[in-house]
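Inside the fold
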Amino acid sequence: MLPDKHGHFKIKDNFFGGKFVPETLMSALEELEINYRKVKDAHEFQAQLDYYLTSYAGRPTVLYLAQRLTQKLGGAKIYLKREDLCHTGAHKINNTLGQVLLAKYMGKPRVIAETGAGQHGVATATAAAMFGLQGEVYMGTEDIERQALNVFRMKLLGTKVHPVASGSKTLKDAINEAIRDWVTNVRTTHYVIGSVVGPHPYPMMVRDFQAIIGKETKEQILKLEGRLPDYLVACVGGGSNSMGLFYPFFEDKAVNFIGVEAAGKGIDSGLHAASLQAGSLGVLHGSLSYVLQNKDGQIIPTHSVSAGLDYPGVGPEHSYYKEIDRAEYVGITDDEALEAFQLLAQTEGIIPALESAHAIAYVKKLAPQLDKNKIIVINLSGRGDKDVETVSKILKEVK
Amino acid sequence: MTNRIDLKFDQLRKEGQKALITFITAGDPSLERTHELVLRLEKSGADIIELGVPFSDPLADGPVIQAASERALKNGTTLTRVLDLVKTLRQTTQVPIALLSYYNPIYKYGLTRFVKDAVDVGVDGVIIPDLPPEEADELKHKAESKNLAIIFLLAPTSTPERIRLISQASTGFIYYVSLTGITGIRKNLETTLEESIRQIRLITNKPIAVGFGISTREHVQTITKIADAAIVGSAIVNLIEQHEKDPGLVEIIGDFVARLSSGKSQ
């Protein structure tokens, strides 16, 4: 099973993942891995997590046949996995409930997190409030501006939000600052990483907590259609919602995985966040993966209209999927995502998160090329309420 | 050829002396100034020079060194240019030089090419704060054959197993991180420091250098009583920032380091 005990996703002589962190954190990572492996097989922990996922977060989320969207695009049948219906409005809660419960088991009174769009910050703040732990969240000042509503939500939930004004003032720098906090307070603090990124065991652990998305999808589609889907489509920033959907289908080779990255103003413009398509191998935030960097190994600024995808790295398991050709990674521009944002609102009465709108936008191109008997599942990873203000500023008038 | 870091510690041990290691970020405020600064640091009593290679995401560093990295990157400092600087320095000085770089610039440069070029220009060792020995096999293997020291870090949170692993893996010296945290100026040293060093000493004979938070002559005095070397970084870098445009920058830094150096225990 992947990764191996070093956290390496191995291919021939090379690997992705690993643990590239300051020594101060190494024993904390070991402790985390030991505890995680313990609870992973512990009936009591899993039963408790299951209870919170169903009774608190509202799982299972429905798999909804988007009839009008299917009709409008005139091709494959489109299902939406409605993670936007989870408590707090995105898939992020699946992971934070797991990690904060684990932090409690480990006896850590304090949890910290980074956030880009604010969804993971809100989900961490929520879990911290519910389990009675102290929460603190790091957020870039640029993101604080574009996601003001989520900042207020975190504060309401009793979490302190630390603005991060260094570097590009976005998600990447929020992670740097969260790691600095963790290095300083490692004995009392658990760092709740929000995606399948970071040093081992995070990519594996976050994937496992998010795999509930794919497991449910599999059961639901079998019940609804009596067969597996042909395509799974999800957006990829760090890559947690897509990995959560893909992973349980890994062995089902007939199911195609498509990860949609933020192409921003177009990949040729240089203003994008498409690490898997335009990046090269590098080490960022504790693991070896595809990274957007210059020839000297400096991480370069990224751009996306969606704060949650605006990140110069990607989870190592996605790099592995790309390398072994298990998944295909494509790009969607800001404009295409904005159009899809409106399309879904107007055909299905669902306002998607700008992140998820990237997946919708790709399916808008893909579905018409496929036969009507083909099935696509889109992970609708979050709802768009948080983005309404941003979008209203960009679109002078709604089409 | 014997590594200059090893030679330095051998010599100091024979003389019953301790070492002062000084850190500055290369290219801050400019590579020309860094050249002058290195020569002055040596003259002022620094036994080993740590040259920081700037990185866009220095996650083990506090605000002082973060800002220095940003300034150096703005000046166009790259790993290639830092290597060129060492090459030029070697025309006038044989002071031991270790590069401090995050892993990505080295990884991107290419491990084989890096080890070869670093040794060719006269670099003696490398400190990589985000590279634990578990991920360093390839680099260590390449460095060993060329006698380039790979200096690993130990922290207060390191378990006895890790102390053993790192003591064994580290060459040149062992870098003990004095506190649970990031780099920066601190008022007081950790009270548990002496006991921690004693624990490491039980396991290894390699030189132990203590860094993070060490910023005054008194700190240097305390540290060199219990370890082989004291490492000062942020306090010097902070002074460089304050006098960035001062024509007397090199003298100011020289005076400060001479003061630090006078604290070395005999």
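Note: the structure precedes this text.
Everything quoted here is computed from the prediction, not taken from an experiment.

What counts as what
- Residues numbered from 1 in each chain as written.
- Chains lettered and ligands numbered in written order.
- Predicted model: local features only at pLDDT ≥ 70, side-chain atom pairs only at ≥ 80, totals over all residues.
- Heavy atoms only, no water.
- Helix = DSSP H or I, 4+ residues; strand = E, 2+ residues; numbered from the N terminus.
- Buried < 20%, exposed > 50% of the residue type's maximum accessible area, 1.4 Å probe, protein only.
- Contact = heavy atoms within 4.5 Å.
- Areas by Shrake-Rupley, 256 points an atom, 1.4 Å probe, with all protein chains shown as cover.
- Axes fitted to C-alpha atoms, helices over the stretch in contact; angles between N-to-C directions.
- Left-handed = near helix turned anticlockwise from the far one by under 90°.
- Salt bridge = Lys/Arg side-chain N within 4 Å of Asp/Glu carboxyl O.

1. Some remarks on the overall build of chain A
The helix and strand tally for chain A stands at 16 helices and 14 strands. A principal-axis box enclosing the C-alpha atoms of chain A has dimensions of 55 × 50 × 45 Å. Residues classed as buried in chain A amount to 66% of the 399 residues present. The contacts of chain A with a sequence gap of at least 6 include a subset with a gap of at least 24, amounting to 74%. Summed over its atoms, the accessible surface of chain A is roughly 14300 Å², and 53% of this surface lies on carbon and sulfur atoms.

2. Some words on the packing of helix α4 (residues 92-105) of chain A against helix α9 (residues 202-210) of chain A
All names here are of chain A. Running from N to C, α4 and α9 point in directions that differ by 120 degrees, and their axes come no closer than 8 Å. Note that α4 runs across α9; the crossing there is right-handed. Along the contact surface, α4 presents Lys92, Asn94, Asn95, Gly98, Gln99 and Leu102, while α9 presents Tyr202, Met205, Val206, Phe209 and Gln210.

3. Notes on the pattern of salt bridges
Scanning the model with the defined rule gives 46 salt bridges over all chains in all. Residues A:Lys10 and A:Asp4 are paired through a salt bridge, measuring 3.6 Å at the closest nitrogen-oxygen approach. We note a salt bridge from B:Lys116 to B:Asp120, for which the minimum N-O separation is 2.8 Å. Note that B:Lys116 and B:Asp120 are positioned in helix α6 (residues 111-121) at a spacing of 4 residues, about one turn of the helix. Salt bridges here are not isolated pairs; linked through shared partners, they connect A:Glu23, A:Glu30, B:Glu134 and B:Arg162.

4. Some words on the side chain of A:Ser319
Residues and elements named next belong to chain A. If you trace the backbone, serine 319 turns up in helix α13 (residues 316-323). Relative accessible area serves as the criterion here: at 0%, serine 319 is assigned to the buried category. Not counting residues within four places of it along the chain, the set of residues in contact with serine 319 comprises Phe16, Leu276, Ser289, Tyr290 and Val314.

5. A short note on unusual backbone geometry
Cis geometry is adopted by the peptide bond preceding A:Pro60, which originates at A:Arg59 and carries an omega value of -5 degrees. Positionally, A:Pro60 belongs in the loop between α2 (43-55) and β3 (63-65). In the segment running from B:Asp28 into B:Pro29, the intervening peptide bond is cis, with an omega of 5 degrees. With respect to the element layout, B:Pro29 can be found in the loop between β1 (19-25) and α2 (31-43). With a phi angle near 65 degrees, A:Asp325 is a residue other than glycine that sits in the positive phi range.

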